Amino acid sequence: MDQPATSRTIDTQCVVAGSGPGGLMLGLLLARAGVDVTVVEKHADFLRDFRGDTVHPSTLDIIDQLGLLDELLKVPHTQAPRLHAEIGGRDVTIADFSRLPTKCRFIAFMPQWDFLDFLAREARKLPNFHIVMSAEVTDLIEDGGRIAGLVARTPDGSVEIRARLVVGADGRNSIVRAKAGLEVESFGAPSDVLWMKLSHQPDDPPYTMGHGGPRQGFVMVDRGDYWQCGYVVRKGSFAEVKEKGIEAFREAVAAVSPLPADRVAEIRSWDDVHLLSIRIDRLKSWWRPGLLCIGDAAHAMSPIGGFGVNLAIQDAVAAANILSVPLREGRLADRHLAAVEKRRAFPTKATQKLQLMMQSSSKKRQESAVKRSGPPSFVKGIARWPFLAHLTGRLVGLGIRSEKVNMAALKAR
């Protein structure tokens, strides 16, 4: 059910800031476990371009545990049992999901707004789930050294939401973590991505997601009637790219794209190009009394491997498994929040380490005139030993320490 935005004060057991994949999954799981939960979202809807749209096998397994997989797969999507790269004009499988010990041995490419609509629709069926749209978090409420709620600005004025637990799931630019004064450790990134749409034609490459170009500097995701394309540029260089003009940009894209050169004429102006500023960071501590951060609010990821969405989902499942019973029974303690961080810290650090290693390799290649024309060494290795594609498939598809829903916690109420 939707909480009217005109309410001046709301009392709930848990308030979640942000209705991304992690926030909505946590809200759904807590509500199913009998916890009264309110999710606040600063936008009026979920419709925003170029968000992370990969739903990995590990996430599909969680949806299946909840008995919702058949319904989810009715949502328009494309399935990728393998991921590809173009190396020297040859198509190479770089990740193969066909041997995963899961029900769904593929990545589902689904517009994130559709995935979020699905989660919100299922959550709204529960009487103790509430969502407030067009509500931007502006401050936290503190009582006796403990976070006791938050304040949000809505079109009808300010609303105060008091709760035993505040969860920051509001992304890499999290207001919650900033207001809480949580310290962020940044690891940097050498690249940014410029996203654009190009039409999908019958004779286009047959893969659902691929990396093209001599330096793997072009990413393509099949959206059915169009390609979502990403062109990799040096960190902070978008202004320089724009100074050279849109025609020079079209030529640069055409040089690395496996699509026909005339397709780039569909990039009519810079309004058709969207900057994704890549960064990798994580909180030194994910919590303080009364507050916990998950997903990008706790650890911003590079888009490499599409891990961000699925790590947020894994965080949400771990948080629900650990917190639902203490929240429901009114005995939530700091040790429970610390347990969530302890559970999710290793997979987060390990995944970020892998991304940093890949980006370090990419940076060295960019700085080396000798090696500039070759793909990353890990891609060369997969091309040389195809069996490695199954290992990367497992890493990408399942991640590190994938979570399972504690169904007993959902039923024991």
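Before reading on, note that the structure itself is shown above.
The structure presented is a predicted model; accordingly, all values stated were derived computationally and were not measured.

**Remarks on the packing of aromatic side chains**
Move 1: A complete count under the given rule lists three aromatic pairs for this structure.
Move 2: Aromatic pair Tyr231 and Phe249: ring centres 5.6 Å apart, planes at 90 degrees, arrangement edge-to-face. A residue pair is termed long-range when its members are at least 10 positions apart, and Tyr231 in strand E16 (residues 226-234) and Phe249 in helix H7 (residues 246-256) qualify at 18 residues.
Move 3: Each ring, one from Phe249 and one from Trp270, has its centre 5.3 Å from the other, and the planes form 45 degrees; the classification is tilted. Placement of Phe249 in helix H7 and of Trp270 in the loop between H7 and strand E17 (274-277) is noted, with a sequence separation of 21 residues between them. We note that Phe249, like Trp270, is buried.
Move 4: Taken together, Tyr231, Phe238, Phe249 and Trp270 form an aromatic cluster joined through their ring pairs.

**Quick look at the pattern of salt bridges**
Move 1: What the rule picks out here adds up to 22 salt bridges.
Move 2: Members of the salt-bridge network, linked through shared partners, are Asp315, Arg343, Arg344 and Glu403.

**Brief notes about the sheet that holds strand E7 (residues 107-109)**
Move 1: Reading across the sheet, the three strands line up as E3-E7-E4 and stay open at both edges, with antiparallel pairing between neighbours. The open sheet has two edge strands, strand E3 (54-55) and strand E4 (78-80), and neither has a second partner.
Move 2: Two strands pair when backbone bridges link them, and E4 and E7 are joined in this way by three bridges, in the antiparallel orientation. Opposite Ala80, over in E7, you have Ile107 as the bridge partner.

**What to know about the sheet that holds strand E12 (residues 184-186)**
Move 1: On the basis of which strands lie adjacent, the open sheet formed by three strands has the order E12-E18-E21 and antiparallel pairing. Strands at the two margins of the open sheet, each flanked by one partner only, are E12 and strand E21 (299-300).
Move 2: Summarising the sheet, strand E18 (residues 281-283) and E21 pair through two bridges and their orientation is antiparallel. Bridging from a neighbouring strand, Arg282 pairs with His299 of E21.

**Here's the deal with helix H1 (residues 21-32)**
A turn of α-helix holds 3.6 residues, and therefore any two residues three or four places apart point the same way.
Move 1: The end-to-end C-alpha distance of H1, which contains twelve residues, comes to 16 Å, matching closely the 16 Å that a straight helix rising 1.5 Å per residue would cover.
Move 2: Taking burial as the measure, the twelve residues of H1 include eleven buried ones, the bulk of the element.
Move 3: Of the residues making up H1, those classed as buried are Pro21, Gly22, Gly23, Leu24, Met25, Leu26, Gly27, Leu28, Leu29, Leu30 and Ala31.
Move 4: With its phi angle positive at about 95 degrees, Gly34 sits one or two positions after the end of H1.

**Focus: the pairing of strand E2 (residues 37-40)**
Put simply, side chains in a regular strand alternate between the two faces of the sheet.
Move 1: Burial along E2 is two-sided: the residues Val37 and Val39 and Thr38 and Val40 are all buried.
Move 2: Alignment of strand E1 (residues 9-17) against E2, held across four bridges, turns out to be parallel. Within E2, the residue paired with Val16 across the bridge is Val39.
Move 3: In this region the chain leaves E1, passes through H1 and returns to the parallel neighbour E2; the handedness of that crossover is right-handed.
Move 4: As defined by bridge partners, E2 adjoins strand E8 (residues 129-132) across four bridges and the pair is classed as parallel. By the bridge assignment for E8, Thr38 is matched with His130.

Cut-offs and rules
- Residues numbered from 1 in each chain as written.
- Predicted model: local features only at pLDDT ≥ 70, side-chain atom pairs only at ≥ 80, totals over all residues.
- Heavy atoms only, no water.
- Phe/Tyr/Trp six-rings, centres within 6.5 Å; stacked < 30°, edge-to-face > 60°.
- Helix = DSSP H or I, 4+ residues; strand = E, 2+ residues; numbered from the N terminus.
- Buried < 20%, exposed > 50% of the residue type's maximum accessible area, 1.4 Å probe, protein only.
- Salt bridge = Lys/Arg side-chain N within 4 Å of Asp/Glu carboxyl O.
- Pairing = 2+ DSSP bridges.
- Expected span 1.5 Å × (residues − 1).
- Right-handed = clockwise from strand over helix to strand, strands pointing away.

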